[in-house]
Amino acid sequence: MSTTDTPLNASRASGIGFARKAKAYLALTKPRVIELLLVSTLPTMIYAERGFPSIGLILATLVGGAFAAGSAGAFNCYIDRDIDKLMHRTENRPLVTGEVTPREALVFSWLLGAAAIVILWFGANPLSAWLGLGAIFFYVVIYTMILKRRTAQNIVWGGAAGCFPVLIAWAAVTNSVEWPAVILFMVIFLWTPPHYWPLSMRYGEDYRNANVPMLGAIAGAKVVSVQVVLYAWAMVASSLLMIPAGGAGWVYTVTAVVAGAWFLYESHALYSRAHREDISDKRAMKVFHGSISYLTLLFIALAVDPFVGSAVMPG
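Remember, it's a predicted structure, so these values are computed and weren't measured experimentally.

A.B. asks: It is not clear to me how the pattern of salt bridges should be interpreted in this structure. Could you clarify?
C.D. replies: Opposite charge on two side chains allows them to pair when their charged atoms are near. Taken as a whole, this structure holds seven salt bridges when the rule is applied. Two residues, Glu104 and Lys21, come together in a salt bridge whose shortest N-O distance is 2.8 Å. Here Glu104 is found in helix H7 (residues 102-123), whereas its partner Lys21 is found in helix H2 (residues 18-28), with 83 residues between them in sequence. Glu104 sits in the partly exposed class, given a relative accessible area of 25%. What makes Lys21 buried here is its relative accessible area of 13%. The salt bridge involving Asp80 is made with Lys148; its shortest N-O contact spans 2.7 Å. Here Asp80 is found in the loop between helix H4 (55-79) and helix H5 (81-84), whereas its partner Lys148 is found in the loop between helix H8 (126-147) and helix H9 (154-158), with 68 residues between them in sequence. The class of Asp80 is buried, set by a relative accessible area of 0%. Each member of the salt-bridge network shares a partner with another, and the members are Asp80, Asp82, Lys148 and Arg149.

As structure tokens, then:
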């Protein structure tokens, strides 16, 4: 990793105000991604506790998890700064505009990652800290450095980094990783391709310009839509495993069935349009946004479930 700054970027970075600089550092962490990851963390903690964990544990897990995700995002921005400047979607990132220098971004990434591990270790437990470190490693090394520029399966395996928050959350509460946490991990793992591939269809030209082999950029809409449908079915099936193996009650069960059926409908609608060659960016993005709504509803139901009724299939 080179930390060499160009004179132009260095002068730009040193010449901006504190508020703008702070905003640039925040942008490095990819806060919208962090928001999505935290959606799964607190509900998982509540479900694992079958109630509300202590405020201190919740704060330590959320802050530590957010710092870990932010560190991984900042490392990603540092490593990918060469291709970010080639893509319209990422051309305003701080390392491209020069608001933050590569050296500053790299130091910030390391400090944020170290803080995440310390907070999780002492605020929760060592297991959650090790899982936090694993999430950073997986996103930075496995996805960004190894897979992203080499294979169309990059987001499938690299997306596993986004599944770690449920493991961290479960470990923070129970100091273990049990079957419900593994099931939730698989739900998010299988959710990532139908979530991200429609987005890569929308920004296919960007990825082609940067020579990044995202499936939506290198394959036709028919191929992508088939994969979206297959992963969507696998995701919904995995979500239903929480009923026999995770002690889920009626709130989660009904939500998983109804929200899953709705997302399957949207996935099949994308497939139908693709095979009629009537696909559009708007339709693809509807599946992208729908996937976020699906995951949010599922985890809200997970958080409410312990307070309403008993397990559908008691162990």
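A.B. asks: Quick question: what am I supposed to make of the nonpolar core here?
C.D. replies: Inside soluble globular proteins, nonpolar side chains tend to come together where they are buried. Ranked by internal contacts, the top residues of the largest apolar core, which has 71 residues, are Met235, Met242 and Tyr294. Among the elements that make up this core, the one with the highest residue count is helix H11 (residues 179-202) (13 residues). In contact with Tyr294, other than residues within four places in its own chain, are Trp191, Met235, Val236, Ser239, Ala259, Gly260, Trp262 and Phe263. Residues Ala74, Cys77, Leu106 and Ala116 belong to the second largest nonpolar core, which totals 16 residues.

Definitions and cut-offs
- Within every chain, residues take consecutive numbers counted from 1 along the sequence as written.
- It should be noted that, the model being predicted, local features are given only for residues of pLDDT at least 70 and side-chain atom pairs only at 80 or more, the latter also being counted only at that level, while totals for whole chains, interfaces and linings use all residues.
- To get the side-chain values, all heavy atoms of the structure are used, and hydrogens and water are removed first.
- Salt bridge, as used here: a side-chain nitrogen of Lys or Arg that lies within 4 Å of a carboxyl oxygen of Asp or Glu.
- A run of H or I in DSSP becomes a helix once it reaches four residues, and a run of E becomes a strand once it reaches two; helices and strands are each numbered from the N terminus.
- Exposure is judged per residue with a 1.4 Å probe applied to protein chains only, and the accessible area is read against the type maximum: over 50% gives exposed, under 20% gives buried, and values in between give partly exposed.
- Nonpolar core, defined: a set of buried Ala, Val, Leu, Ile, Met, Phe, Trp, Tyr and Cys residues in which side-chain atoms within 4.5 Å join the residues together.
- Here a residue-residue contact requires only that any non-hydrogen atoms of the pair lie within 4.5 Å.

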